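Observations on chain architecture
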Amino acid sequence: MNAISSQSLVQANFSRPVPTKYPVSRWTIADALKVRTDDPTTTMPLIDYQFPIMSNDVMIWDSGALRDMHMRTVTFKGWFVLWSLAVDKIDKTNAKIYDEWHSRNDRAYIGYWYSRDGVEWTWGGRLFQTSADLRPWEWSGSLVMREGTENKVDMFYTSVGAPDGNSVPAVSSGTIHADDKGVWFDGFATSTEMFKADGVHYANASEDPYFDFRDPQPFINPGDGQLYTLFEGNVPGARGQFVIGTDEMGAVPPGYAVDAGAQYGAAAIGLARCVSGWRKGDYSRWELMPALVTALGVNDQTERPHFVFKDGLTYLFTISHHSTYTGKSTGPDGVYGFVSEKGIFGPYKPLNSSGLVLGNPSSQPYSTYSHFVDAEGYVQSFIDTIPAAGQNAENPETYRIGGTLAPTVRLVLDGDRTFLTEVHDYAQVFAQSAWPASLAYDVRA
Ligand code: FRU
């Protein structure tokens, strides 16, 4: 493989036109019928009820390591850096931890951690100045080093909590600093909205009161050197009014009847392309593009989508819930995935035939969530709730709240199959490069 510098990758003109139309790939009912819970190759390890917590002051969930625009985790001046959605613990005795945890989305802010070894983490506090908040809450996104700069960094995130119900992908910019004692940030004083749900490419609030539109995950497309972002969306159209036809059903067994509730599943993995001067840090204008994958008739949420570019293949991962499956389709909370042989525009087929990559075990159905697969297959997730041995996983009196990171696991990505292979430390992060990142391999798909 040819090594090329990141500079040449950014400026590359691979002379491939940006397509305005491409076939939307589907996660079909027939695919979902193949989901198997508790298969050892696609199941998260059991988590000890006595798991360690990262902090007694904050509870954290969706998290992500500092990365570059090619989806590779980077260290900065020898430090590992991690952002997390966080809430401060109100009652440190944990007496009200159940309420504090389950209402966390309405208080969420983005904070950060730093670590020398990627295992022991120090909490750095809030990332943004309050002046950056367009709306009361900050939800998921990604913290990315800006290509070609020494220490500029952009936090793409979701601005949420306004009375109109809109959630808007936004970005705030700052600089990262480090010395031998730790890491800190400057800037992050303002935010810029990226784009809004238009009701044409993706459902908006008037079409679907439960619409999802969040979790921006930008990347430079290895195929054309342009900046795009993935995000979580829904298929445009009135909630519950979709017709589930043969395309959505796929090759179901003869006589299979679609359940009426299936039409409430309308998840879409969204794509947009940046058309402002992003090389100079202007992320203000984006063009919404058709969804890459839809789960119409199967599931209503495909969250936090992200890519891994490997072996010339494009792996698209997304998280989803047991509770958001619709009709007769079912599966565990966990990370699902799709693979394309022809770059980011697909067509995609589900990994492991079913789409399931790593689900929670049936004895701990809510053990982990918000899995993020890095460029080398390391998967980070947070601990949600762990039931006491033999206890009902739904009963708050018998489960322990997480609010901390789970053991990192590793997947082997082998064509259209994935295998769970390694289990590492709680909250362990592995880096693929030190910033400024040089491309040790050619990521062009
Ligand atoms: C996934 C998610 C994200 C959202 C965040 C809110 O875990 O639902 O889509 O940004 O959590 O907590």
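Rules used in this analysis
- Every chain's residues receive numbers from 1 upward, in the order its sequence appears when written.
- Totals for whole chains, interfaces and linings use every residue, but because this is a predicted model, local features are given only for residues with pLDDT of at least 70 and side-chain atom pairs only at 80 or more, for both listing and counting.
- Hydrogens and waters are ignored; side-chain quantities use all the structure's heavy atoms.
- Nonpolar core, defined: a set of buried Ala, Val, Leu, Ile, Met, Phe, Trp, Tyr and Cys residues in which side-chain atoms within 4.5 Å join the residues together.
- In this scheme, a residue with accessible area under 20% of its type's maximum is buried, one over 50% is exposed, and one in between is partly exposed, where area comes from a 1.4 Å probe on protein chains only.
- What counts as a helix is a DSSP run of H or I of at least four residues, what counts as a strand is a run of E of at least two, and both are numbered from the N terminus.
- Contacts were defined at the residue level, with two residues in contact if any of their heavy atoms lie within 4.5 Å.
- UniProt positions are given in the numbering used here, feature names are shortened, and annotations may be inferred rather than shown by experiment.
- Residue proximity to a molecule or strand is established when one non-hydrogen atom of the residue lies within 4 Å of it.
- We define a polar contact as two N or O atoms separated by no more than 3.5 Å, with the added condition that, inside protein, one atom must be a possible hydrogen donor and the other a possible acceptor, whereas residues neighbouring each other in sequence contribute only through side-chain atom pairs.
- Calculation of accessible area relied on Shrake-Rupley with a 1.4 Å probe; when residues are assessed, cover is drawn exclusively from the protein chains displayed.
- Here the term charged refers only to Asp, Glu, Lys and Arg, the term nonpolar to Ala, Val, Leu, Ile, Met, Phe, Trp, Tyr, Cys and Pro, and the term polar to all other amino acids, Gly among them.
- Stacked, edge-to-face and tilted are the three classes for Phe, Tyr and Trp ring pairs, Trp counted by its six-membered ring, which pair at centre distances within 6.5 Å; planes under 30 degrees apart are stacked, over 60 edge-to-face, the rest tilted.
- In this scheme, the term charge over a ring applies when either NZ of a lysine or CZ of an arginine sits within 6 Å of the ring centre and within 35 degrees of the ring normal.
- Salt-bridge detection follows one rule: a side-chain nitrogen of Lys or Arg within 4 Å of a carboxyl oxygen of Asp or Glu.

**A short note on the nonpolar core**
Of all hydrophobic cores here, the largest spans 66 residues; its most connected members are L143 and F185. Broken down by element, this core gets its largest block of residues, 7 residues, from strand 4 (residues 80-88). Not counting chain neighbours up to four residues away, the residues in contact with L143 comprise A65, L66, R67, V81, W83, L127, V153, D154, M155, F185 and F188. Among the nonpolar cores identified, the runner-up in size contains 59 residues, and L227, A262, A291 and V298 belong to it.

**Regarding the UniProt feature "active site" (unreviewed entry) in the protein**
If you check UniProt for "active site" (unreviewed entry), the listed places come out as D62 and E303 in our numbering. A maximum C-alpha distance of 10.9 Å among these annotated residues, which run over 242 residues, shows that they cluster at one spot. Note on placement: D62 falls in strand 2 (residues 58-65). We classify D62 as buried; its relative accessible area is 9%. The contact partners of D62, leaving out residues within four places of it in the chain, are W83, S84, L85, S140, R304, S370 and F382. Mapped onto the elements of the fold, E303 is located in strand 16 (residues 303-310).

**Topic: the site of the ligand**
By nearness alone, 13 residues border the ligand, and W61, D62, N105, D215 and E303 come closest of all. Take D62: an N or O atom from its side chain is 2.8 Å from an oxygen atom of the ligand. A distance of 2.4 Å is found between an oxygen atom of the ligand and a side-chain nitrogen or oxygen belonging to N105. Contact with the protein chains removes 92% of the 310 Å² of surface that the ligand exposes when unbound. Residue composition of the shell around the ligand, grouped by class: 5 nonpolar, 3 polar and 5 charged.

**Focus on the packing of aromatic side chains**
For the structure on display, the rule yields 31 aromatic pairs. Ring centres of Y325 and Y336 lie 6.2 Å apart, and the angle between their planes is 70°; this geometry places the pair in the edge-to-face category. Here Y325, found in the loop between strand 17 (313-320) and strand 18 (334-340), pairs with Y336, found in strand 18; they are 11 residues apart in sequence, far enough to count as distant. Residue Y325 shares its accessibility class with Y336, and that shared class is buried. A network of ring pairs unites the aromatic residues W79, Y112, Y114, F128, Y157, F185 and F188 as a single cluster. Sitting over the ring of W79, R116 keeps its end group 3.9 Å from the ring centre.

**Some details on the pattern of salt bridges**
This structure, assessed with the given rule, holds 15 salt bridges. The residue R72 makes a salt bridge to D68 at a minimum N-O spacing of 2.6 Å. For the pair R72 and D68, a shared accessibility class is recorded, and that class is buried. The shortest N-O distance in the salt bridge between R214 and D212 comes to 3.3 Å. This pair shows no difference in class: R214 is buried, exactly as D212 is.

**Thoughts on the environment of E100**
Mapped onto the secondary structure, E100 falls in helix 3 (residues 97-102). Relative accessible area serves as the criterion here: at 6%, E100 is assigned to the buried category. Taking the C-alpha atoms as reference points, E100 and K89, 11 residues apart in sequence, are found 7.3 Å from one another. One polar contact links the side chain of E100 to the main-chain amide nitrogen of I90, over a distance of 2.9 Å.

**Notes on the UniProt feature "site: Transition state stabilizer" (unreviewed entry) in the protein**
On the UniProt side, "site: Transition state stabilizer" (unreviewed entry) is annotated at positions that read D215 here. Along the chain, the position of D215 falls in strand 12 (residues 214-220). Among all residues touching D215, those that are not within four sequence positions of it are S140, T158, L230, F231, E232, E303, R304 and P305.

**A closer look at unusual backbone geometry**
Excluding glycine, residues mostly have negative phi values, and the peptide bonds linking residues are mostly trans. Here G346 and P347 are connected by a cis peptide whose omega angle stands at 5°. Secondary-structure assignment places P347 in the loop between strand 18 and strand 19 (348-350). With omega at 0°, the peptide bond leading from W435 into P436 counts as cis. Counting through the fold element by element, P436 comes out in the segment after strand 26 (433-434).

**What to know about the side chain of S433**
Along the polypeptide, S433 turns up in strand 26. Residue contacts for S433: discarding those within four places in its chain leaves T73, V74, T75 and S438.

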